[in-house]
Amino acid sequence: MLDRYSRLINYLRISVTDRCNLRCRYCMPEEGIRLLRHEDILTYDEIAGFTRVAVKSGITKVRITGGEPLVRKGIVTLTGMLAAIGGIHDLSMTTNGVLLDRFAGDLAKAGLQRVNVSLDTIDPEQYSFITRGGDLNDVLRGIEAAKKARLLPVKINCVIHESPDETNAIEVARYCRENDLEVRYIKEMDLEEGRFSVVMGGSGGNCAGCNRLRLTSNGKLKPCLFSGLGYDVRTLGYEEAIKQAVGHKPQRGRKNINDSFYNIGG
Ligand code: SF4
């Protein structure tokens, strides 16, 4: 499907939860978050049902995100339900890797093709500081498990302040070279200020070529990360929500004061 600016929209990012087992400083507020009510979260049947309709409309690439997708119960089952939908050529997941060691094998068997893992530093103290208490070893074990399960290529999402020349970024790059991993640098973003840039080594943030829609865990279909627009798939119905989201997709992102990263999935 094409939007008003003749961009091919073929990529759906699905946030399956607003919950996370980490508290990264650039994502989660110190005081914690007000979690969505259980009944507001889309069921697996709703997510699969919506995705089936989205694929019929032209979506060929699907990414499972969060919060942290691996904290949602039955995530392997959902992955299998999505993998069973014909027409999805690329099924991937973005995870913080903390639980990946436990799930990698089952996710691969269920049909997941590849993963992106968040890793901003390979210094254990820095990692614990950035994530407010995370254990770096969990993520490194998770990355090894993903490689072993052949969820390839394993890509590393490294958040930077300004430049890949920052110490943490240089060390992550070296770790990636030594472990046959692809690194992508994501400059810290701010939804309310409308601060974002093109992902270095990736395609995010390039408005002129933007191909994506985002489904939030509480069923809002968002045409753009840096816009407050969102179309409720439960009240509008799947087809109409897709039509509205693609029809109103902005030419470029501005700012978003309605949402937070942890419930859109970046
Ligand atoms: S800001 Fe919006 S239009 Fe630009 S790349 Fe991101 S989602 Fe696409």
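Residues numbered from 1 in each chain as written. Predicted model: local features only at pLDDT ≥ 70, side-chain atom pairs only at ≥ 80, totals over all residues. Heavy atoms only, no water.

Draft legend 1. Summary view of the environment of E144. You can see E144 is positioned in helix 5 (residues 136–148). You can call E144 partly exposed: its relative accessible area is 37%. Taking the C-alpha atoms as reference points, E144 and E240, separated by 96 residues in sequence, lie 42 Å from one another. If we skip the residues at most four places from it in the chain, E144 touches Y175 and N179. (Helix = DSSP H or I, 4+ residues; strand = E, 2+ residues; numbered from the N terminus. Buried < 20%, exposed > 50% of the residue type's maximum accessible area, 1.4 Å probe, protein only. Contact = heavy atoms within 4.5 Å.)

Draft legend 2. Summary view of the packing of helix 2 (residues 75–83) against helix 3 (residues 100–110). The geometry of helix 2 relative to helix 3 is characterised by a closest axis approach of 8 Å and an angle of 25° between their N-to-C directions. Between helix 2 and helix 3, the angle is such that the two are roughly parallel. Helix 2 and helix 3 meet at a crossing whose hand is right-handed. Touching I75, V76, T79, G80 and A83 of helix 2 are F103, D106, L107 and A110, all from helix 3. Tallied by class, the residues present in the contact of helix 2 with helix 3 amount to six nonpolar, two polar and one charged. (Axes fitted to C-alpha atoms, helices over the stretch in contact; angles between N-to-C directions. Parallel < 35°, antiparallel > 145°, perpendicular 65-115°, else oblique. Left-handed = near helix turned anticlockwise from the far one by under 90°. Nonpolar A, V, L, I, M, F, W, Y, C, P; charged D, E, K, R; others polar.)

Draft legend 3. Here's a closer look at the pairing of strand 7 (residues 212–215). Along strand 7, one buried face is formed by R212 and R214 and the opposite face, lined by L213 and L215, is buried too. Sheet topology note: the strand 1 (residues 11–15)/strand 7 ladder contains four bridges and is parallel. What sits directly across from L12, in strand 7, is L213. In this sheet, strand 8 (residues 220–222) lies alongside strand 7 in antiparallel orientation, the contact comprising two bridges. Each residue of the ladder has a partner; that of L215, found in strand 8, is L221. (Pairing = 2+ DSSP bridges.)

Draft legend 4. Broad picture of the environment of T131. Note on placement: T131 falls in the loop between helix 4 (124–130) and helix 5. For the pair T131 and C24, spaced 107 residues apart in the sequence, the C-alpha separation amounts to 4.0 Å. For T131, the contacting residues outside a window of four places in its chain are L22, R23 and C24.

Draft legend 5. Geometry of the site of the ligand. Every residue near the ligand is listed here: F196, G205, N206, C207, C210, R214, C224, L225, F226 and G253. By residue class, the composition of the shell around the ligand is six nonpolar, three polar and one charged. (Near = heavy atom within 4 Å.)

Draft legend 6. Local environment of the packing of aromatic side chains. The final tally for this structure, using the stated rule, is two aromatic pairs. Ring centres 5.6 Å apart and planes at 85° place the aromatic pair F50 and Y238 in the edge-to-face group. Of this pair, F50 sits in helix 1 (residues 44–56) while Y238 sits in helix 8 (residues 238–247), and the two are 188 residues apart along the sequence. When its relative accessible area of 1% is taken as the criterion, F50 is described as buried. Overall, Y238 belongs to the partly exposed group, its relative accessible area being 23%. (Phe/Tyr/Trp six-rings, centres within 6.5 Å; stacked < 30°, edge-to-face > 60°.)

Draft legend 7. Looking closely at the pairing of strand 5 (residues 155–160). With six of six residues buried, strand 5 lies mostly within the body of the structure. Of the two faces of strand 5, the one carrying K155, N157 and V159 and the one carrying I156, C158 and I160 are both buried. For strand 4 (residues 114–118) and strand 5, the ladder comprises three bridges, and the chain directions are parallel. From the neighbouring strand, V117 faces strand 5, where its bridge partner is I156. Sheet topology note: the strand 5/strand 6 (residues 182–187) ladder contains six bridges and is parallel. Each bridged residue has a counterpart across the sheet, and for K155 the counterpart in strand 6 is E182. What joins strand 5 to strand 6 is helix 6 (residues 167–178), and the crossover it makes is right-handed. (Right-handed = clockwise from strand over helix to strand, strands pointing away.)

The values are spatial; any link to function lies outside them.
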